[in-house]
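# Structure assessment
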Amino acid sequence: AATGTRVVFVGLDSVQESPLQNVLVRQAMNYAVDKEAILTNLLGGTGEQTTTNLTSKDFGFNSDEKPYPYDPDKARDLLAQAGYSDGFEIKMDMVNGRFINDTNVAQAIAGFLNDVGIKVNLNVLEFGAFNGAIFSKNSSPMYFASWGNPVFDPSYFFDFITRTGGLLRTIEDPEIDVLLNGANSTTDQDLRRKLYHQVIPLINEAAPTIFLYKQPVIYGMSERLDWEARSDEFLLMSDAKLK
């Protein structure tokens, strides 16, 4: 097994009308979900929690930023500040069987959110219908999804999911867009790293998603085989040898 590149997250569409338009609500959701409990109990202790949907393996990762800790009291406080002390009800689109233990993970997320007063109605869709909804910006305000990042670069995730006009819709933030566009318009790696270090705290605060984890890459293999799993999800048997 190895930590993979596929990022699992809950997209929070703050453009369509819903309580998710309030950044305090999006932050509260991140405090409400116990990601370590999900990794331990539903992924067998594998996988790796993300910060702004990145880990230290990704270029430009800002180690000064930390994941949202599990703090349901903080979540309730933020919801009260946002005017939702009694909570609210919301729908979350999802698919079944697309990534590891996804249905149980979605149910766990809904349970954690319910504990702080947010009732999540799970809406299970066929994969094609799900993609059609999120790509056309017609999904529910919440959608449970995953995204591969085989190049280990923030642009491969942020451009599609965080930047205004991306393939999936979450937030629209001009300050974040300027920094992301700047990182995309140069080949100077030191400058790109500097720009990502600047933008990652802004993304963490804006909470465009419920930041969850990178799921593991798990293979079953014969004891006769000498081979290590790759993080990028490529299965290159040219690297394998018989003992």
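Our subject is the structure that appears above.
Calculation criteria
Residues numbered from 1 in each chain as written. Predicted model: local features only at pLDDT ≥ 70, side-chain atom pairs only at ≥ 80, totals over all residues. Heavy atoms only, no water. 1 Å grid on protein atoms, 1.4 Å probe; cavity = no way out; pocket = protein on both sides within 12 Å on 5 of 7 lines; lining within 4 Å. Points joined across faces, edges and corners; volume = space filled by probe spheres on them. Helix = DSSP H or I, 4+ residues; strand = E, 2+ residues; numbered from the N terminus. Nonpolar A, V, L, I, M, F, W, Y, C, P; charged D, E, K, R; others polar. Polar contact = N/O pair within 3.5 Å; in protein donor to acceptor, adjacent residues only side chain to side chain. Contact = heavy atoms within 4.5 Å. Axes fitted to C-alpha atoms, helices over the stretch in contact; angles between N-to-C directions. Parallel < 35°, antiparallel > 145°, perpendicular 65-115°, else oblique. Left-handed = near helix turned anticlockwise from the far one by under 90°. Expected span 1.5 Å × (residues − 1). Buried < 20%, exposed > 50% of the residue type's maximum accessible area, 1.4 Å probe, protein only. Arc of directions from axis to C-beta. Salt bridge = Lys/Arg side-chain N within 4 Å of Asp/Glu carboxyl O. Phe/Tyr/Trp six-rings, centres within 6.5 Å; stacked < 30°, edge-to-face > 60°.

Considering only enclosed or pocket space, the largest pocket measures out at about 180 Å³ in volume. Contributing to the lining of the largest pocket are 15 residues, with Arg98, Phe127, Asn131, Ser146 and Trp147 lying nearest its centre. Sorting the residues of the lining of the largest pocket by element identifies α5 (127-135) and β5 (142-147) as the ones contributing at least two each. If one sorts the elements of the lining of the largest pocket by residue count, α5 sits on top with five residues. Residues belonging to the lining of the largest pocket are distributed by class as follows: 10 nonpolar, three polar and two charged.

Here the focus is the side chain of Arg169. You can see Arg169 is positioned in the loop between α6 (154-161) and α7 (174-184). Polar contacts involving the side chain of Arg169 include one to the side chain of Asp13, which spans 3.0 Å. Apart from residues lying up to four places away in sequence, Arg169 is in contact with Asp13, Val15, Gln16, Lys137 and Tyr143.

This next bit is on the packing of α7 against helix α8 (residues 189-206). As a packed pair, α7 and α8 sit with axes 9 Å apart at the nearest point and diverge in direction by 150 degrees. Relative to α8, the element α7 is oriented roughly antiparallel. Crossing hand, α7 versus α8: left-handed. Counting all contacts with α7, which are made through Glu175, Ile176, Leu179, Leu180, Gly182, Ala183 and Asn184, the residues of α8 involved are Arg192, Leu195, Tyr196, Gln198, Val199, Leu202, Ile203 and Ala206. A per-class count over the contact of α7 with α8 returns 10 nonpolar, three polar and two charged.

Our next topic: helix α4 (residues 102-115). When the terminal C-alpha atoms of α4 are compared, their 20 Å separation across 14 residues agrees well with the 20 Å that a helix rising 1.5 Å per residue should span. Restricting attention to buried positions, one finds in α4 the residues Asp102, Val105, Ala106, Ile109, Ala110, Phe112 and Leu113. Summarising the axial view, the buried residues of α4 lie within an arc of 160 degrees, below the 170-degree limit, and thus occupy one face. Phi for Gly117, located one or two positions after α4, is positive at around 105 degrees.

Across all of its chains, the model carries seven salt bridges by this definition. Note that Asp13 is salt-bridged to Arg169, the shortest N-O span being 3.0 Å. Taken together, the residues Asp13 in the loop between β1 (2-12) and α1 (23-32) and Arg169 in the loop between α6 and α7 connect sequence positions 156 residues apart. Salt-bridge contacts for Arg192 lead to Asp153; the nearest nitrogen and oxygen are separated by 2.9 Å. Of this pair, Arg192 sits in helix α8 while Asp153 is found in the loop between β5 and α6, placing the two residues 39 residues apart along the sequence.

In total, this model carries 11 aromatic pairs according to the counting rule given. When the ring of Tyr84 is compared with that of Phe88, the centres are 5.2 Å apart and the planes differ by 65 degrees; the resulting orientation is edge-to-face. Judged by relative accessible area, Tyr84 falls into the partly exposed class, the value being 25%. Ring geometry for Tyr156 and Phe160: centres 5.8 Å apart, planes at 75 degrees, overall edge-to-face. Of this pair, Tyr156 and Phe160 both sit in helix α6, four residues apart, which is roughly one turn of the helix.

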